[in-house]
Amino acid sequence: MSDLLITHVDVLTDEGVLKNHAIEIENGYITTILNDSEAIKAKDNAKEVLDGKGQLAAPGLVNTHTHIAMGLFRNYADDLELMEWLETAIWPTEAKLNDDYVRYGTQLGIAEMLRTGTTTFSDMYFFMNTTAEVVKETGIRSVLSRGLAGVSPTADQALVENADLFRTWNGFDNDRIKVLLGPHAPYTCPDAYMEKVIALSHELNCGIHMHLSETKGEVENVIKATGKTPIAHMHDLGLFWNTTLAAHCVHVTDEDMDIMAKNNVAVAHNPQSNLKLASGIAPVPEMIAKGITVGLGTDGSASNNNADMLEEVRLAATLHKARLYDPKAIPAQAAWSMGTVEGAKALGYKDLGVLAKGYRADIVLYDVSGMHWMPRYNDLAALVYSANSSDANTTIVGGKVLMKDKELLTIDEEKLRAEITKAQEYFRN
Ligand SMILES: CSC[C@H]1O[C@@H](n2cnc3c(O)ncnc32)[C@H](O)[C@@H]1O
Ligand SMILES: [Zn+2]
C-alpha cells in the first residue's frame, strides 16, 4: 500500500519532463514514477490520491544558509555594508530576542519558504531548541546550528547549547532534522574559541556551518593577524577535518579553492545578500570547475529581503553570466541543481533534490496555468527564468502534504500575522 499517489502530473526528472505521469510515495520516499495507465491500477493501492492536473512536479528547493527568524527584521535596516549593518542595527536589536520572538520569526520564515517552493533549510541562529520545535511542528526539513560567538559573554554556554541541540535533535524523524556546530565567523570567533569548537566537533562527530570570507575587510583583517586567508587559517586550525558548510566564500583565492576542494568544504552561495550588503560576487563557476559542491542560500530576510529561493536560482543563473561575459557560465540546469540536489549534498543528504525512485519525497507542484508559462518549450528554463515562486501550489516534505492548493496545513497564518504585528511594535522601540 502506498501512502500517497500524485496523479496526472508532469514530472521534472533528470531525463526531462514526463508528461501526465504519477508519483508513488511510501514511507517518505518516492517508490515509482508511473505512466498514466499504470497509475490507474496504482490508485486502488494508495491511501491518499492527489490530482496533479495542470501542475508540474519538481524537487523542493534547498536553502543552504539562512537565519530564518530574521524575517522579524525584514526592511528594518537597509542600504548598509555588512559590518555597519551588524554593529549598528542588527546586533543591538537581536539582544532583545527571546524564545517567543524566535518562535514566531521562524514560523514566518517557514510559511514563506513553504509558499515559495522550499522544503529544506539550513539555519544558524539563537534559541535553536525553539526553532527545532517549530520545524518539528510544521513538517519542513532542516539542518540547524546554534550560532556561536567567542567574543560573547555567553560563549561557553552557547557551546553547551549547541551540543545539547545535537544530542536532542540530530537525526530526528529519519534525518528531517540534522544538527551542525555554528561558529559565526572569524571576526567573532578567536582562535582559542575555534579550538574549543573543533574539539567539540570531534567529541560529537559533528559537522560545521560557518560564515567564511564574506567581505574584503574580513579577509584583509585575518591576513593582517595571521598572514593567511580565513580559509587557509581555518584549515591550519583543523576545522575542516569533517564536513564543513561555508557560507559566502566571496573573496577566495585559487589556493583557498584548492583547500576547499581537497577537504570537502561545501559552499552556500547567497547572491542576493552579497549584492545587497555590497560584499561582492563569489567566483562560483570557478569553484564548480574545481569540484567544490555549491548550494544556494537566501541568508536572513534582513539582508535579502525575503526567503524566496527561486530568486537565488535565477540570480545564480544570470549574475555569473554578466560577471564573466559568458552566457554559459552557469547554465539553467546548473543553477537549478545548485538550488536542489547540490544544496542537498552540501547539507549531507545523498537522496534528496531529484524526482526519482529511492529519493526523499520532497516535492513541489507548480501551477503552470499562468500566461508566463506559455509556450512550454522547456519547463526547466521556465522554472529558472520565468516562473513566479507564488506558482508553488502544493508542497510536500517526506511524503507529507504541508501546503495544499496554497493553503498551509501546519501553520495558523492569521494568528501568526497578529504575533508578527506585535513583534514589529516591540522591536521598533
Ligand atoms: C550567531 S547567530 C548568526 C548571526 O549572524 C548574523 N548575520 C546575519 N547575516 C549575516 C551575514 O551575511 N554575515 C554575517 N553574519 C550575519 C545574524 O544577525 C546573527 O547575529
Ligand atoms: Zn548568514
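Here is what the cut-offs are and how they apply
- Residues numbered from 1 in each chain as written.
- Chains lettered and ligands numbered in written order.
- Predicted model: local features only at pLDDT ≥ 70, side-chain atom pairs only at ≥ 80, totals over all residues.
- Heavy atoms only, no water.
- Buried < 20%, exposed > 50% of the residue type's maximum accessible area, 1.4 Å probe, protein only.
- Helix = DSSP H or I, 4+ residues; strand = E, 2+ residues; numbered from the N terminus.
- Pairing = 2+ DSSP bridges.
- Salt bridge = Lys/Arg side-chain N within 4 Å of Asp/Glu carboxyl O.
- Donors = N, O, S within 2.8 Å, 3.2 Å for Na, K, Ca; no water.
- Tetrahedral: all angles 85-135°; square planar, octahedral: opposite > 155°, others 65-115°.
- UniProt positions renumbered as here; feature names shortened; annotations may be inferred.
- 1 Å grid on protein atoms, 1.4 Å probe; cavity = no way out; pocket = protein on both sides within 12 Å on 5 of 7 lines; lining within 4 Å.
- Contact = heavy atoms within 4.5 Å.
- Expected span 1.5 Å × (residues − 1).

A.B. asks: An account of the pairing of strand E14 (residues 363-367) is needed here, citing residue identities and associated values.
C.D. replies: Counting buried positions along E14 gives four out of five residues, so the element sits mostly inside the fold. Alignment of strand E5 (residues 55-59) against E14, held across five bridges, turns out to be antiparallel. Bridge pairing links Pro59 to Ile363 in E14. Relative to strand E15 (residues 392-397), E14 runs antiparallel, the two being bridged by four bridges. Within E15, the position partnered with Tyr366 by the bridge is Ala392.

A.B. asks: So what about the pattern of salt bridges? Which residues, and what values?
C.D. replies: Scanning the entire structure with this criterion turns up 24 salt bridges. Among the salt bridges present, the one from Asp258 reaches Lys290, with a minimum N-O distance of 2.8 Å. Residue Asp258 is located in helix H10 (residues 254-262), and its partner Lys290 is located in the loop between helix H12 (284-289) and strand E13 (294-296); the two are separated by 32 residues in the primary sequence. For Arg323, the salt bridge goes to Glu286, with nearest N and O atoms at 2.8 Å. Of this pair, Arg323 sits in helix H13 (residues 309-324) while Glu286 sits in helix H12, placing them 37 residues apart in sequence. The class for Arg323 is partly exposed, based on a relative accessible area of 27%. What makes Glu286 partly exposed here is its relative accessible area of 28%. Members of the salt-bridge network, linked through shared partners, are Asp10, Lys19, Arg376 and Asp379.

A.B. asks: Which residues make up the coordination of the zinc ion (ligand 2), and what are the values?
C.D. replies: Here the zinc ion (ligand 2) is held by His65 (NE2), His67 (NE2), His211 (NE2) and Asp299 (OD), and the distances to it run 2.0 to 2.3 Å. Around the zinc ion (ligand 2) sit four donor atoms, and with donor-metal-donor angles ranging over 87 to 167° the site reads as irregular. Mapped onto the sequence, the donors of the zinc ion (ligand 2) take the spacing H-x1-H-x143-H-x87-D. With His65 in strand E6 (residues 61-66) and His211 in strand E10 (residues 208-212), the pair connects residues that are 146 residues apart, well separated along the chain. In terms of burial, His65 and His211 fall into one category: buried.

A.B. asks: So what's going on with the UniProt feature "binding site: substrate" (unreviewed entry) in the chain? Which residues, and what values?
C.D. replies: The feature "binding site: substrate" (unreviewed entry), as annotated in UniProt, sits at Glu94, Arg146, His184, Glu214 and Asp299 in this numbering. Checking the annotated residues one by one, the ones that line the largest pocket turn out to be Glu94, Arg146, His184, Glu214 and Asp299. Relative to the helices and strands, His184 resides in the loop between strand E9 (177-183) and helix H7 (191-204). With near-sequence residues (within four places) excluded, His184 lies in contact with Trp91, Met124, Leu148, Cys189, Met210 and His211. In this structure Glu214 comes out as buried when scored by relative accessible area, which is 2%.

A.B. asks: Residue-level account of helix H17 (residues 413-428), with values.
C.D. replies: For H17, spanning 16 residues, the distance from its first C-alpha to its last is 22 Å, which sits close to the expected 22 Å at 1.5 Å a residue. Contact partners of the buried residues in H17: helix H2 (82-94) and helix H3 (99-115).

A.B. asks: Go over unusual backbone geometry, please, and point to the residues and values.
C.D. replies: Note the cis peptide between Asn304 and Asn305, where omega equals 10°. With respect to the helices and strands, Asn305 occurs in the loop between E13 and H13. That bond from Met374 to Pro375 is cis: its omega, -10°, falls within 30 degrees of zero. The topology assignment puts Pro375 in the loop between E14 and helix H16 (379-386).

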